[in-house]
Amino acid sequence: AQSVTQPDARVTVSEGASLQLRCKYSYFGTPYLFWYVQYPRQGLQLLLKYYPGDPVVQGVNGFEAEFSKSNSSFHLRKASVHWSDWAVYFCAVSSSNTNKVVFGTGTRLQVLP
Amino acid sequence: EAAVTQSPRNKVAVTGGKVTLSCNQTNNHNNMYWYRQDTGHGLRLIHYSYGAGSTEKGDIPDGYKASRPSQENFSLILELATPSQTSVYFCASGAPGPPLYFGAGTRLSVL
């Protein structure tokens, strides 16, 4: 069965520092992968998506993620974190022809001034 | 971008009472979904739908029913609410296929 593991429940970084949020997936076949962001008391918003092709995908607000088939990973990165990035980030996996999207448990990002 | 609207935003219910959560989407997506979000569990799929008149069980359907009377509307029904159903509920729509577009959520407390 497909699954997503986000090993870090909470990550704290200083504003201006670089960021990596980890995501490992388990999927038979070719996965479609996503990162969503959830700001306080809001729904989830799509940050970026990977469809088979270039392993590095760009998202909004300077975020990018890299797909690795050998490591079954889809880590999220940002070169310089801003205070407004304080949120919960969810990794998710699906396929092109399924109607189910499986989410990880989320990583709460805290940004220190 | 898809517009998904949930109502109510907050709800307090009594144990054993009936609760209906509503969701409306305006982008003509075929698929709609209900998830619940709990600390330590992320988002878990309750029910989903491929179109008007269809409902399918997700991963945790027990204690919940769903109704899709039209392309735009998808409801989640708790016939006999229990305190374990206290959670934040999210509705989402999709083309079919990913990505999904989410509403702002409904915070339900069952006392």
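Just above sits the structure.
Enumeration over the complete set of coordinates arrives at two disulfides over all chains. Paired by a disulfide, A:Cys23 and A:Cys91 hold their sulfur atoms 2.0 Å apart. Between A:Cys23 and A:Cys91 the sulfur-sulfur dihedral comes to about -65°; the bridge is accordingly left-handed. In this pair, A:Cys23 sits in the loop between strand 3 (19-21) and strand 4 (24-26) while A:Cys91 sits in strand 10 (residues 87-94), placing the two residues 68 residues apart along the sequence. Across the disulfide, B:Cys23 is cross-linked to B:Cys91 (sulfur-sulfur distance 1.9 Å). Disulfide B:Cys23-B:Cys91: torsion about the S-S bond near -80°, hence left-handed. Highlighted residues: B:Cys23 in strand 3 (residues 19-25) and B:Cys91 in strand 9 (residues 87-94), separated in sequence by 68 residues. B:Cys91 carries the same exposure label as B:Cys23, and that label is buried.

Next up on the list: the side chain of B:Asp38. Residue and element names in this part refer to chain B. In this fold, Asp38 is placed in strand 4 (residues 31-38). Since its relative accessible area comes to 15%, Asp38 is described here as buried. Separated by 2.9 Å, the side chains of Asp38 and Arg44 make a polar contact. Apart from the residues within four sequence positions on either side, Asp38 is in contact with Arg44, Thr86 and Ser87.

Residue and element names in this part refer to chain B. One open sheet accounts for four strands, arranged 1-3-8-7; its pairing is antiparallel. With one partner strand each, in any of the chains shown, strand 1 (4-7) and strand 7 (65-67) form the two edges of the open sheet. Geometrically, the sheet is characterised by an average inter-axis angle of 20° between neighbouring strands, direction not taken into account. Here strand 1 pairs with strand 3 via four bridges, running antiparallel. Opposite Thr5, over in strand 3, you have Asn24 as the bridge partner.

Calculation rules
- Residues numbered from 1 in each chain as written.
- Chains lettered and ligands numbered in written order.
- Predicted model: local features only at pLDDT ≥ 70, side-chain atom pairs only at ≥ 80, totals over all residues.
- Heavy atoms only, no water.
- Disulfide = S-S within 2.5 Å.
- Helix = DSSP H or I, 4+ residues; strand = E, 2+ residues; numbered from the N terminus.
- Buried < 20%, exposed > 50% of the residue type's maximum accessible area, 1.4 Å probe, protein only.
- Polar contact = N/O pair within 3.5 Å; in protein donor to acceptor, adjacent residues only side chain to side chain.
- Contact = heavy atoms within 4.5 Å.
- Pairing = 2+ DSSP bridges.
- Axes fitted to C-alpha atoms, helices over the stretch in contact; angles between N-to-C directions.

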